[in-house]
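Spelled out, the chains give:
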Amino acid sequence: MNSAFWRYILILSVLFIFWGQFFVTDGLLNQVSFNFALFYPLGFLVGYRPRLENLRSAYLAALLFNCLSYLAAVVSGIPIESWIVVGLDFLSLLVFLKVGMIIGQRAQSKN
């Protein structure tokens, strides 16, 4: 694992700690908003400085981070209410990461 992977894990952890205070209620819309707050900035940073190594590391870091957050929830006794929501959570992760990358590439090309 390269330094970009660990940098992305650190960024996601800081964003998780910061935004975790604001998104405390349950619900699909809240989960999608939380994913936007976490994964769009990461995608933007990766898109702004695109390299194949960064793209792979970003996807791996985002997927691993999301898996670990579900693992932490299960271990701490928080029940998973719906596996459909988990699937939509991972889908929104991929969508927001890709949208952030596209917007980041456009911003970088304007400079």
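Preceding this paragraph is the structure being described.
So, a few notes on the structure that sits alongside this text. (Residues numbered from 1 in each chain as written. Predicted model: local features only at pLDDT ≥ 70, side-chain atom pairs only at ≥ 80, totals over all residues. Heavy atoms only, no water.)

1. With respect to helix 1 (residues 3-20)
Alright, step 1. Here helix 1 spans 25 Å end to end across 18 residues, near enough to the 26 Å set by a 1.5 Å rise per residue.
Alright, step 2. Residues of helix 1 that are buried make contact with helix 2 (28-48) and helix 3 (52-75). (Helix = DSSP H or I, 4+ residues; strand = E, 2+ residues; numbered from the N terminus. Expected span 1.5 Å × (residues − 1). Contact = heavy atoms within 4.5 Å.)

2. Side note on the nonpolar core
Alright, step 1. Of all hydrophobic cores here, the largest spans 19 residues; its most connected members are Tyr8, Leu38, Phe39, Leu42, Val46 and Ala62.
Alright, step 2. Listed by contribution, the elements that provide at least two residues to this core are helix 1, helix 2, helix 3 and helix 4 (83-110).
Alright, step 3. Not counting chain neighbours up to four residues away, the residues in contact with leucine 42 comprise Tyr8, Leu12, Ala58, Ala62 and Leu97. (Core = buried A, V, L, I, M, F, W, Y, C linked by side-chain atoms within 4.5 Å. Buried < 20%, exposed > 50% of the residue type's maximum accessible area, 1.4 Å probe, protein only.)

3. Focus: the packing of aromatic side chains
Alright, step 1. According to the stated counting rule, one finds nine aromatic pairs in the structure shown.
Alright, step 2. Aromatic pair phenylalanine 36 and phenylalanine 96: ring centres 5.3 Å apart, planes at 80°, arrangement edge-to-face. Pair noted here: phenylalanine 36 is in helix 2 and phenylalanine 96 is in helix 4, with a separation of 60 residues, a long-range link.
Alright, step 3. Look at phenylalanine 36 and you get partly exposed, because its relative accessible area is 40%.
Alright, step 4. Classification of phenylalanine 96 by relative accessible area gives buried; the value is 16%.
Alright, step 5. On the numbers, 6.5 Å between centres and 40° between planes, the contact of tyrosine 40 with phenylalanine 44 is tilted. Taken together, the residues tyrosine 40 and phenylalanine 44, both in helix 2 and four residues apart, mark about one turn of the helix.
Alright, step 6. Classification of tyrosine 40 by relative accessible area gives partly exposed; the value is 21%.
Alright, step 7. Through a chain of ring-to-ring contacts, three or more aromatic side chains come together here, namely Phe36, Tyr40, Phe44, Tyr48 and Phe96. (Phe/Tyr/Trp six-rings, centres within 6.5 Å; stacked < 30°, edge-to-face > 60°.)

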